[in-house]
Structures are given as C-alpha cells and as structure tokens.
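# Structural description and commentary
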Amino acid sequence: MATGTLITVAPTGAESTKAEVPALPVTLNELVTTAKECEALGAAVIHVHIRDDQARPTLDLGRLRDTVAALRENTDLVVQLSTGGAVTDPEADRLAVLEAAPEMASCTMGTVNFGDDVFLNRWEFIVDLHGRMQERGIVPEYEIFDLGHLTALQRLLDRYGLPAGGHVHVDFVMGVPGGMPGTTPALVACAQALRDLPEGTTFSATGIGRSTIPVLLASLSAGGHLRVGMEDTVTYAKGRPVDSNMQLVARAVGFAQLAQRTPLRPDEARKLLGIPPRAAA
Ligand code: KMH
Ligand code: ZN
C-alpha cells in the first residue's frame, strides 16, 4: 500500500488555447514560475507540453532543450516531457522529443478516440518509443486511456523488457471523450488489472473535466497517486474557471493530507520511479 502521494502537475497540455484559457502558462517564463510555485506547494513531477511564440503547441527541439534546462536550473522537479504532443504531431517529431534528454517522458499505450480527433499510437511506434527510452535511460510514464492499454503494456514488457530504472509507473488518463470514463469502477478495474504487470507497479490517475474530483478521491483511496493541472482541468467548480495550476495542486495536496498520504518530495519521487538522484545523474 502506498504511503506518500506522488503529485504530478500537467500545467499546459496541447488542447486549450491561451485565448480561451488566459491563465494557461504558455511562455517559458510562465512555465518556470508555475513550476516553482507548484513545487513549493507539493508537486514532485511536471508533465510538460510547450508552445510557440503564438502559443500554439510545438515539439520544437531547441525549445524543448531550453525548457528542460530552465526547469532543471530553477526547480528540483522531475521533468517529464510529453511525447504525445498534439493529435496532429507526426511520429518522427514525437520520437525526437527524447533528444531533449528529460529524466522522464510519457509513452501512450494505444490509439484512442480523442473528442472529434484520433490520438494515434500504433504498436510499432510504441515499441520504438519504449526501446529508445531504454537506450537513453529515460524513465517512461505509460499513459493509459483505456483498459486494453494495460494489456498492451503487459505485451510490451513481456516482449521488450522493463523500462530504464526497472520500475513500472502508469498514469490512468480518465474521462477523455472516446476513452474510459472517469469513475470509481473504471479506476478500480484498472487498478485490479495491474496484478498482471510487474510486482510493485505504481499508478497515478487524472480525470478530465468534471471527472477530476471523483478520480482524485478514487485514486487516493485505492493507493494511487495524483496528476492534476490545467492540461486536464480548466473549471475549478461549476461556473468557476481555474485561476492557476497552483490552485489545483493546492487542492490535491489538501486531499492527500486528509487521506494521510503526505505529498512526496522530488527526491522521494525519484526513488519511487527508479530515477537516479539528481546529484548522481
Ligand atoms: N495531447 C494529447 C493528444 C501525452 O502527453 O503523452 C496527448 C497527451 C498524452 O497529452
Ligand atoms: Zn500530456
């Protein structure tokens, strides 16, 4: 049973526009400020999507490298780059994200309908991403949008071996229109299915939109960890837009403390996830 709570902040995402969500951090300055404040509140990992000068999603490698460097310089957070990008990003650009050498990167375990779009993750692409992360010592977070993605993960690990660091960590992304619902029964089904994955596999969970709070509570009670942030949640309560990522992290910290599952510090998160300590990296 987990004791501390790993809190990941996903501050930006690729879906919301700055025009519609003015509080979204889209510049490097805004991202670093958000990261520092979220770390001070109790986040240990940051899941990063970046934007260009027009605030559009980009996978520009130079910007990704600058982002990794700036976050490392200004925080102790575990930096997890998104290889999911936006639904329009080509596979080659998504693979090239790894050249920015983050400690961690996301790896989505299957294709899923994504609102009116399709988030395409072919098997061969997943195998390639997994292998490149192994070669580079980048620790994956396996993104699970549907129950079957866990079966795909089992197949991946059986055929191609454990990830860098040897620990398996998954993130249930729930409530995407086209994926699994953000409900307690769905979370319990996923948590149960982890029995077929390597012993010690850990999970975090996030619920998109109005499933945010049900998923947060279900994950804490099932021994899971939390991902929160404006990538997934732009409404704090009915009719009330989110003011900032800090507001969402503060709420998650409050719930974790109520559950007597104190937030993990970044060094504790590295230990949990199989990432070398920063001084030794
Ligand atoms: N933006 C979504 C299409 C990830 O970061 O790896 C994909 C996503 C998953 O957000
Ligand atoms: Zn993402």
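Our structure is the block above this text.
Worth saying up front: this structure is predicted, and the values here are computed from it rather than measured.

Procedures and definitions
Residues numbered from 1 in each chain as written. Chains lettered and ligands numbered in written order. Predicted model: local features only at pLDDT ≥ 70, side-chain atom pairs only at ≥ 80, totals over all residues. Heavy atoms only, no water. Pairing = 2+ DSSP bridges. Helix = DSSP H or I, 4+ residues; strand = E, 2+ residues; numbered from the N terminus. Axes fitted to C-alpha atoms, helices over the stretch in contact; angles between N-to-C directions. Contact = heavy atoms within 4.5 Å. Salt bridge = Lys/Arg side-chain N within 4 Å of Asp/Glu carboxyl O. Parallel < 35°, antiparallel > 145°, perpendicular 65-115°, else oblique. Left-handed = near helix turned anticlockwise from the far one by under 90°. Nonpolar A, V, L, I, M, F, W, Y, C, P; charged D, E, K, R; others polar. 1 Å grid on protein atoms, 1.4 Å probe; cavity = no way out; pocket = protein on both sides within 12 Å on 5 of 7 lines; lining within 4 Å. Points joined across faces, edges and corners; volume = space filled by probe spheres on them.

The 8 strands lie next to each other as β1-β2-β5-β6-β9-β10-β11-β12, forming a closed barrel whose pairing is parallel. For this sheet, the mean inter-axis angle between neighbouring strands, taken without regard to orientation, is 30°. Two strands pair when backbone bridges link them, and strand β10 (residues 169-174) and strand β11 (residues 202-207) are joined in this way by 6 bridges, in the parallel orientation. Paired with His-169 across the strands is Thr-202, a residue of β11. Against the sheet, helix α4 (residues 123-136) touches β6 (104-108) and β9 (139-144), its axis set at about 160° to β6. The strands touched by helix α9 (residues 266-273) are β2 (45-48), β5 (78-81), β6, β9, β10, β11 and β12 (225-228); relative to β5, the strand with the most contacts, the crossing angle is about 55°.

The next subject is the pattern of salt bridges. Tallying each qualifying case throughout the model produces 17 salt bridges. Connected via shared salt-bridge partners are Glu-143, Asp-171, Arg-227, Glu-231 and Asp-232.

Okay, the packing of helix α1 (residues 28-41) against helix α8 (residues 245-258) next. α8 packs onto α1 with a crossing angle of 15° between their chain directions and a minimal axis gap of 9 Å. Put simply, α1 runs roughly parallel to α8. As for the relative orientation of α1 and α8, their crossing is right-handed in sense. Contact with α1, carried on its side by Thr-34, Glu-37, Cys-38 and Leu-41, involves Asn-245, Met-246, Val-249, Ala-250 and Val-253 of α8 and no other residues of that element. Among the residues making up the contact of α1 with α8, the classes are represented as 6 nonpolar, 2 polar and 1 charged.

Here the focus is empty space enclosed by the protein. Within this structure, the stated rule accounts for 2 cavities of 30 Å³ or more. In this structure, the largest cavity encloses a volume near 40 Å³. Along the walls of the largest cavity sit Ala-205, Thr-206, Gly-207, Thr-212, Val-215, Leu-216, Leu-226, Arg-227, Val-228 and Thr-233, which together make up its complete lining. Looking at the lining of the largest cavity, the elements with two or more residues in it are β11, α7 (212-221) and β12. Here the lining of the largest cavity is built from residues that sort into 5 nonpolar, 4 polar and 1 charged. By volume, the second largest cavity is sized at about 30 Å³. If you trace the second largest cavity, you find it lined by Val-48, His-49, Ile-50, Pro-57, Thr-58, Leu-59, Gly-85, Ala-86 and Asp-89. The class makeup of the residues in the lining of the second largest cavity is 5 nonpolar, 3 polar and 1 charged.

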